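Survey of secondary and tertiary structure
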Amino acid sequence: MKNITTTNPNNSSRRFTTRRLVLIAMVTSVTCILAPFSIPIPVSPVPISLTNLVLLISVYVLGFKDATISFLVYLLLGAAGLPVFSGFSGGLGKIAGPTGGYLVGFIFMTIIAGIFVERFLDKRFLIIIGMVLSTAVTYIFGTAWLAFQMEIPFTAALSIGVIPYLPGDTAKIILAVITGPILRARLHLQTFNPAKK
């Protein structure tokens, strides 16, 4: 009887680990599928994409740690040459190009938005604040790199790399706050509790 009792916790731990890896792989796959779809706009080299929407929803499903891991895996796949970046592009040249700063900024978006989701799961207004903050940080990275690459002032880069996207990104935040909890409930995920970790 002692043998059976001591092996059960290990089996439970394995199931949790497997579930965690499956969820990370699933979100990474969704990112790889949706992120390449983009809409170029004439006033900017930065296309409209679904990447940030996927990331904002992913933190509900995975939490900030695993969502960040998922995005880093996505970045590695893209850097390796798989066409998973916007416009079905890939390679290190994309990361080093004018829009590379946004890809780096997305790492911080996942961390910041994820922390707000974990800490304030039942407080939608605070989550929105966190997502706005995370988007602003992404804008800073993206705009600074865009200005450097195009050799233009930061304010000029802001006008072509941020201003045209504000309405769409606002809609994405609202959509993420609505759909994120639904997906979380459908997947029967337990409430994040960082204090127990």
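Notes on the structure follow. (Residues numbered from 1 in each chain as written. Predicted model: local features only at pLDDT ≥ 70, side-chain atom pairs only at ≥ 80, totals over all residues. Heavy atoms only, no water.)

A short note on the overall build of the chain
Helix and strand content of the chain: 7 helices and 2 strands. In the chain, the succession of helices and strands from N to C terminus is α-β-β-α-α-α-α-α-α. Partitioning the contacts of the chain with sequence separation of at least 6, the portion at a separation of at least 24 is 68%. (Helix = DSSP H or I, 4+ residues; strand = E, 2+ residues; numbered from the N terminus. Contact = heavy atoms within 4.5 Å.)

Things to note about the pattern of salt bridges
Under the criterion given, the structure shown has 2 salt bridges. Between D66 and R20 there is a salt bridge, with the nearest N and O atoms lying 2.9 Å from each other. Remark: R20 occurs in helix 1 (residues 2-34) and D66 occurs in helix 2 (residues 51-79); sequence separation between them is 46 residues. Two residues, D169 and K172, come together in a salt bridge whose shortest N-O distance is 3.7 Å. One end of the pair is D169 and the other is K172, both in helix 7 (residues 166-186) and 3 residues apart, which spans about a single turn. Each member of the pair, D169 as well as K172, is classed as buried. (Salt bridge = Lys/Arg side-chain N within 4 Å of Asp/Glu carboxyl O. Buried < 20%, exposed > 50% of the residue type's maximum accessible area, 1.4 Å probe, protein only.)

Bear in mind that shape data such as this cannot, by itself, settle questions of function.
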